[in-house]
Amino acid sequence: METPRNFEAIARCIREAQTVAVVSHVNPDGDTLGSAAAMRLILQAMGKEVTLFCDEKVPDILYFMPGHDLFHVPTGHEGPFDLMLAVDVSDSARMGTCAALMDRSAKTAQMDHHPTNPGFADVNLVDGEASANCMIIRELMKVLDVPLTQDIAICLYVGISTDTGNFSFGCTNAETFRVMAELMECDLPLARLNRALFRVKPREQVKLLGKALESMTFGGNGKIAVMKLTLADFAACGALSEHADTIVNYALDTKHTDMALLARETDKGQIKFSLRARAPYTVDNIASLFGGGGHPQASGITMDGTLDECVEKVLTAMSETV
Ligand SMILES: [Mn+2]
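Quick caveat, the model's predicted, so the values are computed rather than measured.

**Focus on the overall build of the protein chain**
Looking only at helices and strands, the protein chain features eleven helices and twelve strands. Taking 322 residues into account, the globule formula puts the C-alpha radius of gyration at 20 Å, and the protein chain, at 21 Å, falls close to it. Structurally, the protein chain occupies a C-alpha span of about 60 × 40 × 35 Å along its principal axes. Every one of the 322 residues in the protein chain was classed for burial, and the buried ones make up 42%. If you take every contact in the protein chain between residues at least 6 apart in sequence, the share linking residues at least 24 apart comes to 67%.

This is the structure we're talking about:
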């Protein structure tokens with residue numbers, strides 16, 4: 001892999017290219033989509049032809065981001081391109097079907113901030129210290145001599161605010177706020193964007209949260225918060241499975257709670273668990289006992305059985321570690 005923080009090499013292959021395919025990762029988040037949307041504006045400012053690709057649909061929540069409606073799922077007939085540029089993609093498999101664009105591009109490059117990135121492109125700019133990939137893009141803009149505009153600032157804000165957990169995670173640093181100050185100088189509509197990204201929830205999700213809070217009990221000497229959602233709860237709220245995604249955090253945020261679980265019935269007749277822990281406690285070890293997996297403080301399991309039976313098994317395993 002080439003040396004990290006290789007701004008000149010990336011800048012050179014961008015300057016040499018006329019047609020550029022910009023690729024986001026599967027299960028797209030604000031950082032990969034904000035990075036791609038920002039790169040579209042930056043490359044267009046340089047007179048390039050840009051096409052945005054993502055293997056999956058852009059979440060509705062990003063309706064306000066310039067270019068959110070310009071992402072394509074590849075059909076296999078695009079290209080050829082002078083350059084494929086992957087953004088926030090930790091390894092080539094994370095491009096999904098977009099990985100095929102590598103073969104239809106004369107050159108490949110990537111910008112990323114995952115320290116585990118193997119350097120899968122011809123030119124790799126990987127900075128594992130950056131709090132978001134959008135932070136690296138702000139730095140590249142200076143090398144490319146492209147000025148910051150309000151539209152680019154909105155795209156960069158999406159990536160930086162989401163990857164730092166709205167400026168609350170440990171990766172948030174002084175540099176994050178230095179770049180934020182630059183974005184604010186471009187009249188970033190912070191209050192409006194912050195509300196759209198972090199506060200507004202679909203009605204179905206708020207109603208489902210009510211059901212989950214009502215169901216909350218505590219186990220493991222009171223240190224484990226447990227939430228359950230039945231198919232009847234989902235139906236009563238008109239909610240979909242995706243509306244349950246962040247609800248478990250309310251359980252973990254309850255005082256004196258070290259671990260939390262949300263168990264929900266799925267329409268496939270299985271039970272899906274979201275497990276959370278506060279460090280030093282971990283849940284990936286618990287998840288792997290039941291064929292699941294994930295991160296130390298955030299993991300998932302899918303099991304066969306009834307809701308109460310499955311919760312009993314997982315709660316017993318968690319209680320032994322808390
Ligand atoms: Mn990221």
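Alright, that's what it looks like, and here's the rest.
**Here we look at the domain arrangement of the protein chain**
What the domain assignment reports for the protein chain is domain 1 (7-199) and domain 2 (203-319). Placing a centre on the C-alpha atoms of domain 1 and another on those of domain 2 gives a separation of 32 Å.

**Let's talk about the packing of helix α2 (residues 30-45) against helix α4 (residues 150-163)**
Between two packed helices, both the angle of their axes relative to each other and the distance between the axes serve to describe the pair. Between α2 and α4, the shortest axis-to-axis distance is 8 Å and the interhelical angle comes to 160°. It follows from the interaxial angle that α2 and α4 lie roughly antiparallel. In terms of crossing hand, the pair formed by α2 and α4 is left-handed. When α2 is examined against α4, the residues Gly 30, Asp 31, Leu 33, Gly 34, Ser 35, Ala 37, Ala 38, Leu 41 and Ile 42 are found in contact with a partner set consisting of Asp 151, Ile 152, Cys 155, Leu 156, Val 158, Gly 159, Thr 162 and Asp 163. Of the residues belonging to the contact of α2 with α4, the class tally is nine nonpolar, five polar and three charged.

Rules used in this analysis
- Residues numbered from 1 in each chain as written.
- Predicted model: local features only at pLDDT ≥ 70, side-chain atom pairs only at ≥ 80, totals over all residues.
- Helix = DSSP H or I, 4+ residues; strand = E, 2+ residues; numbered from the N terminus.
- Rg over C-alpha atoms; globule rule 2.2 N^0.38 Å.
- Buried ≥ 20, exposed ≤ 12 C-beta atoms within 10 Å, placed from the backbone.
- Contact = placed C-beta atoms within 7 Å.
- Domains from an automatic or database assignment.
- Axes fitted to C-alpha atoms, helices over the stretch in contact; angles between N-to-C directions.
- Parallel < 35°, antiparallel > 145°, perpendicular 65-115°, else oblique.
- Left-handed = near helix turned anticlockwise from the far one by under 90°.
- Nonpolar A, V, L, I, M, F, W, Y, C, P; charged D, E, K, R; others polar.

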